[in-house]
Every structure is written in structure tokens, then in C-alpha cells.
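# Working through the structure, step by step
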Amino acid sequence: YFFTSGYLFNISPWIDLLPSCLIKYHPGHSPQADINAQLILKNRIWIGIGYQNKDVIIGMLQCQLNDQLKMSYSHDFDTGTVGKYKRGSNEFVLNYTFKYLRKVSGPRQF
């Protein structure tokens, strides 16, 4: 089971705050929570930080290149006992959103 929630706060005309949470549960396993917060600058640059209950801190950076293309990078820092033996992980994402004939809004932020 996956439960997600978040809210977009308008701080100023150029800055938004997007806190979000994802809770993952599989019967027979302990639940896992991902808690994130991102600052959105001019609806173009996202800078964020996150935490997973498995002792992982996440740094995030996203850039909206045009109306349809977004590029993002994140790095995971393991602060637990395993962190002594690894240097974290990197993730690169290139996101393309198709244009639609009708104007619709959806929860694509999360």
C-alpha cells in the first residue's frame, strides 16, 4: 500500500513551498515513511531535502527546461551503519510531459 500527501504553499509571487510525505506499507514488513520539502523558485527551479526512516537523507535539485521537459538530480546520504561503507547513490531523471488538447490539472507535483 502507498499513501501520499502534500500541499503547495505560495510564499511569495516567485517562491512556493512543497512539503510532501509518502508512506509505504507491505503486510509482514515495517512501514517506511519518506518526508520531503522543496522550495520552488519562479516555477522553474526546485531545491529540496528529504528523509527516509531508514536513516537516509536526500538532496534534490530539479530544473524545468521548457513546458514539457524537466531534468532532476538527487543524491542519497546514508547516515546509518551502512553509510560507513558506501558513499550514497545518485539519481538522474529526464521527464517529458506530452501536450494535451484540453487544459487539465492534476497532482503531478508528488
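Everything that follows concerns the structure shown earlier in this document.
Reference entry: report on the structure contained in this document.

## Examining the overall build of the chain
The helix and strand tally for the chain stands at 0 helices and 8 strands. Secondary structure elements in the chain, listed N-terminal to C-terminal, are β-β-β-β-β-β-β-β. With the C-alpha coordinates of the chain rotated into their principal frame, the extents come out at 50 × 30 × 30 Å. Every one of the 110 residues in the chain was classed for burial, and the buried ones make up 22%. Contacts spanning at least 24 positions in sequence make up 19% of the contacts within the chain whose residues lie at least 6 apart. Once the 12 positive and 7 negative side-chain charges of the chain are each reduced to a mean point, those two points are 7 Å apart.

## Here's the deal with the packing of aromatic side chains
Considering all chains together, one arrives at 4 aromatic pairs under this definition. Judged by centre distance (4.8 Å) and plane angle (65°), the ring pair of Tyr7 and Phe9 falls under edge-to-face. Judged by its relative accessible area of 52%, Tyr7 falls in the exposed class. On the basis of relative accessible area, Phe9 is assigned to the partly exposed category, the value being 40%. Ring centres 4.8 Å apart and planes at 40° place the aromatic pair Tyr73 and Phe92 in the tilted group. Here Phe92 lies in strand β8 (residues 89-96) and Tyr73 lies in strand β7 (residues 69-78), a separation of 19 residues in the sequence. Residue Phe92 is classed as exposed on the basis of its relative accessible area of 67%. The residue whose ring lies beneath Lys42 is Trp14, and the NZ or CZ to ring-centre distance is 5.5 Å. Positioned above the aromatic ring of Trp46 is the side chain of Lys70, whose terminal nitrogen or guanidinium carbon lies 4.5 Å from the ring centre.

## Focus on the pattern of salt bridges
Counting across every chain of the model gives 1 salt bridge. Close ionic contact of Asp34 with Lys24 constitutes a salt bridge, the shortest N to O distance being 3.5 Å. Taken together, the positions of Asp34 in strand β4 (residues 32-41) and Lys24 in strand β3 (residues 15-24) put the pair 10 residues apart, joining distant regions of the chain. By relative accessible area, which is 9% here, Asp34 ends up buried.

## Here's the deal with the pairing of β4
Along β4, the buried face is formed by Gln32, Asp34, Asn36, Gln38 and Ile40; none of Ala33, Ile35, Ala37, Leu39 and Leu41, which line the opposite face, is buried. Note: β3 against β4, 10 bridges, orientation antiparallel. Across the sheet, Ile23 pairs through a bridge with Ala33, a residue of β4. Across 8 bridges, β4 lies against strand β5 (residues 45-52) in antiparallel orientation. Bridge pairing links Asn36 to Gly50 in β5. Hairpin geometry of β4 and β5 is characterised by an intervening segment of 3 residues between the two adjacent antiparallel strands and by a positive phi of about 55° at Lys42.

How each quantity is defined
Residues numbered from 1 in each chain as written. Predicted model: local features only at pLDDT ≥ 70, side-chain atom pairs only at ≥ 80, totals over all residues. Heavy atoms only, no water. Helix = DSSP H or I, 4+ residues; strand = E, 2+ residues; numbered from the N terminus. Buried < 20%, exposed > 50% of the residue type's maximum accessible area, 1.4 Å probe, protein only. Contact = heavy atoms within 4.5 Å. Lys, Arg positive; Asp, Glu negative; His and termini not counted. Charge placed at Lys NZ, Arg CZ, Asp CG, Glu CD. Phe/Tyr/Trp six-rings, centres within 6.5 Å; stacked < 30°, edge-to-face > 60°. Lys NZ or Arg CZ within 6 Å of the ring centre and 35° of its normal. Salt bridge = Lys/Arg side-chain N within 4 Å of Asp/Glu carboxyl O. Pairing = 2+ DSSP bridges.

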